[in-house]
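Spelled out from the first residue to the last, the chains are:
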Amino acid sequence: MMTRLSLMLAASSLLLAAPVLAEDDGLTPEKVAAIQRDEAAAQAKVDADYGNRKPSEMSNAERGQSIRDQQKEAAKVMEKHGVSAKEFANFTARMTPDDNQRVANEAKRLDDQAKAQKEAEEKKRKGDGEVHIQQGFSDADPVELEAAEGAEPTVDVDSSLDSSASGAPVVDIGSRAGAVKKSFTRKSSKSSRRRR
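Parameters at a glance
Residues numbered from 1 in each chain as written. Predicted model: local features only at pLDDT ≥ 70, side-chain atom pairs only at ≥ 80, totals over all residues. Heavy atoms only, no water. Helix = DSSP H or I, 4+ residues; strand = E, 2+ residues; numbered from the N terminus. Contact = heavy atoms within 4.5 Å. Areas by Shrake-Rupley, 256 points an atom, 1.4 Å probe, with all protein chains shown as cover. Core = buried A, V, L, I, M, F, W, Y, C linked by side-chain atoms within 4.5 Å. Buried < 20%, exposed > 50% of the residue type's maximum accessible area, 1.4 Å probe, protein only. Salt bridge = Lys/Arg side-chain N within 4 Å of Asp/Glu carboxyl O. Axes fitted to C-alpha atoms, helices over the stretch in contact; angles between N-to-C directions. Parallel < 35°, antiparallel > 145°, perpendicular 65-115°, else oblique. Left-handed = near helix turned anticlockwise from the far one by under 90°. Lys, Arg positive; Asp, Glu negative; His and termini not counted. Expected span 1.5 Å × (residues − 1).

Novice: Could you give me a rundown of the overall build of the chain, with the residues and numbers involved?
Specialist: Counting secondary structure elements, the chain contains six helices and zero strands. Reading the helices (α) and strands (β) of the chain from amino to carboxyl end gives α-α-α-α-α-α. Within the chain, contacts between residues separated by at least 24 positions form 69% of all contacts whose residues are at least 6 apart in sequence. By element, 54% of the accessible surface of the chain is carried by carbon and sulfur atoms, the whole surface being about 16,900 Å².

Novice: Provide a residue-level description of unusual backbone geometry, including the pertinent values.
Specialist: One non-glycine residue, N52, adopts positive backbone phi at about 50°. Counting through the fold element by element, N52 comes out in the loop between helix 2 (29-49) and helix 3 (60-81).

Novice: Would you mind going over the environment of S66 in detail, with residue names and values included?
Specialist: Relative to the assigned elements, S66 resides in helix 3. Put simply, S66 and P55 are eleven residues apart on the chain and 9.0 Å apart in space, counted from C-alpha to C-alpha. Not counting chain neighbours up to four residues away, the residues in contact with S66 comprise V46, Y50 and M58.

Novice: Let's hear about the nonpolar core: which residues, and what values?
Specialist: Counting twelve residues, the largest nonpolar core is built from L27, V32, A33, I35, A42, V77, M78, V83, F88, F91, M95 and V103. Only helix 2, helix 3 and helix 4 (85-93) provide two or more residues apiece to this core. Excluding its chain neighbours within four sequence positions, the residues that come into contact with A33 are V103, E106, A107 and L110.

Novice: Now, about the pattern of salt bridges: what can you tell me, with residues and values included?
Specialist: With the rule as written, the count across this model stands at eight salt bridges. Ionic pairing is found between R53 and E62, a salt bridge with its closest N-O pair at 3.1 Å. Judged by its relative accessible area of 32%, R53 is partly exposed. Owing to a relative accessible area of 30%, E62 belongs among the partly exposed residues under this scheme. Each of E30, D99 and R102 takes part in salt bridges that share partners, so that together they form one network.

Novice: Can you tell me about the packing of helix 2 against helix 4, naming the residues and giving the values?
Specialist: For the pair helix 2 and helix 4, interaxial distance at closest approach is 11 Å and the crossing angle is 120°. Classified by the angle between their axes, helix 2 and helix 4 sit oblique to one another. When the axes of helix 2 and helix 4 are compared, the crossing they make is left-handed. Here P29, V32, I35, Q36 and E39 of helix 2 come into contact with helix 4, specifically with F88, F91 and T92.

Novice: Could you give an account of the side chain of D69, naming the residues involved and the relevant values?
Specialist: Secondary-structure assignment places D69 in helix 3. The side chain of D69 sits in the buried core without any salt bridge; K72 is the nearest counter-charge, 4.5 Å away.

Novice: For helix 3, give the residues involved together with the corresponding values.
Specialist: Between the first and last C-alpha of helix 3 there are 32 Å, a value that for 22 residues agrees with the 32 Å anticipated at 1.5 Å per step. Regarding helix 3, the residues found buried are G64, S66, D69, E73, A74, V77, M78 and H81. Lining the buried residues of helix 3 we find helix 2 and helix 4. Immediately downstream of helix 3, the backbone of G82 shows phi near 70°, a positive value.

Right, here's the structure in full:
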């Protein structure tokens, strides 16, 4: 009886020490949240490759291939994080309610961080939303159009260009409207030759 008790105590100490060993290897509830997030993204990618169809809507060959693709993607995620699927399963099975809460908190933080990055990229692409339009030239904001090298910059502002000036020139378009002559450069057509 004594040997059985000692063996059971030794075995239970090894089982209880497994989560601590896994945490020393780098597996934490925060890392579990990151792995689960990456795994979900990989699964979504595979689902999108198969048209987001339900398994019942796929043929047997398509369903089998999609399962193999999902397994490959999950293995890539585990390899990326340096964890085996067995270690991950053992660690998640032995997590306490506090660890589960830490995973949920980390998942929420990662989601918020991803949303913030996405919004920052959209703002960067969109700009500040304001378009600055200059309504012409003025003495306050002159523009130099032509300049000679080494010359002192000068700006000539013509008062006739200012539309708000009271002495703006008046243009009469109607006086020359009848004086426009039509000139044809084409050869006359056959129908006009026949009339002659």
